[in-house]
Each structure stands twice: as structure tokens, then as C-alpha cells.
Amino acid sequence: MQEYTDAHRYFLQSLMQRGVVDDKECRTVLEDSSEISGYDRSERTINSFVAVINKRIQPFHLEIRKGVNEDDGTDVYALISITDHDINRLTVGGYFLKFEIDIFRRIVDCIVTSDEGTMSSVDALNITEELPQKNITKSDVQCLISKLISHRWLGEREGVLFLSPRSVLELEPYLKDQHQDSLRHCGICKEMVFRGLRCVGCGVRIHGYCSVTYFRGMSDEDRKCPSCHAPMPLSDSAWSSNGSEDILKLSKTRKRRR
Ligand SMILES: [Zn+2]
Ligand SMILES: [Zn+2]
């Protein structure tokens with residue numbers, strides 16, 4: 001096992017400030033930390049580097065966990081609390097007021113139980129009507145949503161909200177505990193999937209990025225649903241996609257170029 005050095009300390013501090021780093025940011029932070037401390041990371045992998053930090057922070061019930069960005073399949077690393085399965089006491093609690101966590105929980109519940117794995121911002125604003133507190137306005141909720149997006153707990157595209165990789169990592173125990181029946185798993189990699197592509201035939205979902213790899217090089221006749229084996233030609237509308245349009249486009253472009 002490597003020693004815990006200033007490079008590890010720097011990486012941990014950066015993650016504590018940001019909560020989550022994507023693949024590119026992770027490399028930048030690693031480079032900065034090596035530069036600052038003179039740490040030679042040429043023969044180290046990110047995994048072994050993170051393992052050293054995790055050993056150090058384990059007594060504090062914290063862990064750096066690797067997840068995947070559902071939009072493009074790239075890695076993300078988030079600092080998460082491993083003590084509590086109660087959404088009210090997650091690390092999110094350190095930065096948000098109690099009524100804000102209550103609203104966040106309602107948004108998460110709606111997203112997870114929806115067919116699309118998303119929630120419209122307009123519907124999220126209407127949560128005020130369900131709240132026991134009558135003094136919370138839509139503009140309070142709008143501010144909270146902006147805050148959740150900037151802290152990367154939620155993603156937003158064209159007025160549609162979805163769970164960020166940070167939320168998926170941190171809330172996994174909560175989701176499994178409270179929404180076991182609503183959770184879907186990718187027909188290819190078997191990991192949780194919230195949006196992705198959906199087979200209109202059997203309803204199975206797959207990550208957009210898994211589909212790109214899985215169907216690579218296949219002709220239209222060979223493209224079949226991994227679950228029900230229904231034909232899935234690219235040109236067909238047999239796949240419906242939620243928030244993974246870019247991936248679908250990417251996969252079409254790659255195919256055309258071949
Ligand atoms: Zn997958
Ligand atoms: Zn199918």
C-alpha cells in the first residue's frame with residue numbers, strides 16, 4: 001500500500017470543496033497534487049491512489065466512490081458519507097436547510113418513480129403545493145434547484161431535471177431502501193440506469209454509452225434487444241431515448257463513418 005502523502009491530502013481537500021469531480025477534473029487535480037508535493041504518480045493508477053485516501057478517511061465514515069456519468073459513460077469520483085441511509089442526514093445536510101432537503105427528497109422520489117427518469121422543472125416548482133409549510137414560494141424552490149444544480153446534485157437540460165452521478169452514488173442506499181421496485185438496471189451492464197434507451201418491445205433500458213459499445217460494428221439486421229431479442233435497427237424508432245439523444249446521435253454518426 002502506498003503512503004498517505006501531501007498529494008493525497010491535496011486531492012481529498014479538492015474533493016471536499018467540490019463534492020464531485022469528473023474524469024477530466026480528476027486528472028487535473030491529480031496533476032496539481034503531484035506538482036505541489038513532488039509525488040511521482042507515473043506508475044500509480046487512480047484506483048490505487050484513491051484507495052490510500054479511502055483507508056485514511058474510513059474512520060470518519062467517508063469514502064471516495066467511483067461512478068459513471070450516464071450521459072457519456074465517463075468516470076466521476078464523489079466524496080460520500082457511508083454511515084447513514086437516511087436522506088435527511090446525508091452529507092447534503094451540511095449545506096442545505098431542512099425544508100430544502102425535504103424538497104430535494106420529493107424531487108428525487110418523483111424522478112426515480114417516473115417512466116422517463118426525469119422531472120420537469122415546472123412540476124418541481126409545483127412541489128410548493130404539497131409542502132406542509134405554506135410560506136415557501138416557487139421562487140424559493142427555483143433558488144434551491146439552481147443551488148442543487150450548481151452543487152451537482154441535479155442535472156438539468158431544456159427544463160428537465162435528472163439525477164447527477166453524485167446523487168446516484170450518494171443516494172444509492174436510500175434508493176435501494178425506498179424505491180427498490182422502481183429501480184431499473186441496464187440490460188447490458190446490469191448497473192442502475194435512470195434514463196438511457198428503452199426497448200419499446202419489452203421495456204428494458206440500456207445506458208446510451210453501453211449501447212454504443214454493444215452495437216458497435218453491427219449491421220441493422222444484427223442489432224437486437226439484449227433482453228427480448230426484438231430487432232433494433234438504428235433507423236427504427238424501437239428505441240425511445242430519455243436524455244441520451246447525444247449518445248444516439250453519436251452512435252449514428254459513428255456508424256455512418258464506418
Ligand atoms: Zn449499462
Ligand atoms: Zn426488448
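Above this text sits the structure in question.
Bear in mind the structure is a predicted one, so any value in this text is a computation, not a measurement.

1. Focus on the environment of Phe104
The residue Phe104 is located in helix α4 (residues 98-113) in this model. Taking C-alpha positions, Phe104 is 9.2 Å from Trp153, a pair spaced 49 residues apart along the chain.

2. Describing helix α6 (residues 138-150)
A rise of 1.5 Å per residue sets the reference length of α6, with its 13 residues, at 18 Å; its end C-alpha atoms lie 18 Å apart and thus fit the reference within 8%. Close packing links the buried residues of α6 with α4, α5 (121-125), β5 (154-157) and β6 (160-163). Positive backbone phi, approximately 60°, marks Arg152, located one or two places after α6.

3. Considering the side chain of Ser114
Looking at where Ser114 falls in the secondary structure, it is placed in the loop between α4 and β4 (119-120). The exposure class of Ser114 is buried, given its relative accessible area of 13%. Within the local environment of Ser114, its side chain forms a polar contact with the backbone oxygen of Ile111, the two atoms lying 2.9 Å apart. Within the structure, the side chain of Ser114 is placed 3.1 Å from the backbone oxygen of Thr118, a separation counted as a polar contact.

Rules behind the numbers
Numbering of residues begins from 1 in every chain and follows the order in which that chain's sequence is written. The lettering of chains begins at A and the numbering of ligands begins at 1, in the order of writing. With the structure being a predicted model, the display of local features is reserved for residues of pLDDT at least 70 and the display and counting of side-chain atom pairs for 80 or more, all residues being used for whole-chain, interface and lining totals. Each side-chain value is worked out from all heavy atoms of the structure, with water and hydrogens disregarded. In this text, helices come from DSSP runs of H or I with a minimum length of four residues, and strands from runs of E with a minimum of two, each type numbered from the N-terminal end. How far a helix is expected to stretch is found by multiplying one less than its residue total by 1.5 Å. Should any heavy atoms of two residues lie within 4.5 Å, those residues are considered in contact. Burial classification: accessible surface area is computed with a 1.4 Å probe over protein chains only, and a residue below 20% of its type maximum counts as buried, one above 50% as exposed, and the rest as partly exposed. Whenever a nitrogen or oxygen atom comes within 3.5 Å of another N or O atom, the pair is scored as a polar contact, on the condition that within protein one atom can donate a hydrogen and the other can accept it, and that pairs from neighbouring residues in sequence are kept only if both atoms are in side chains.

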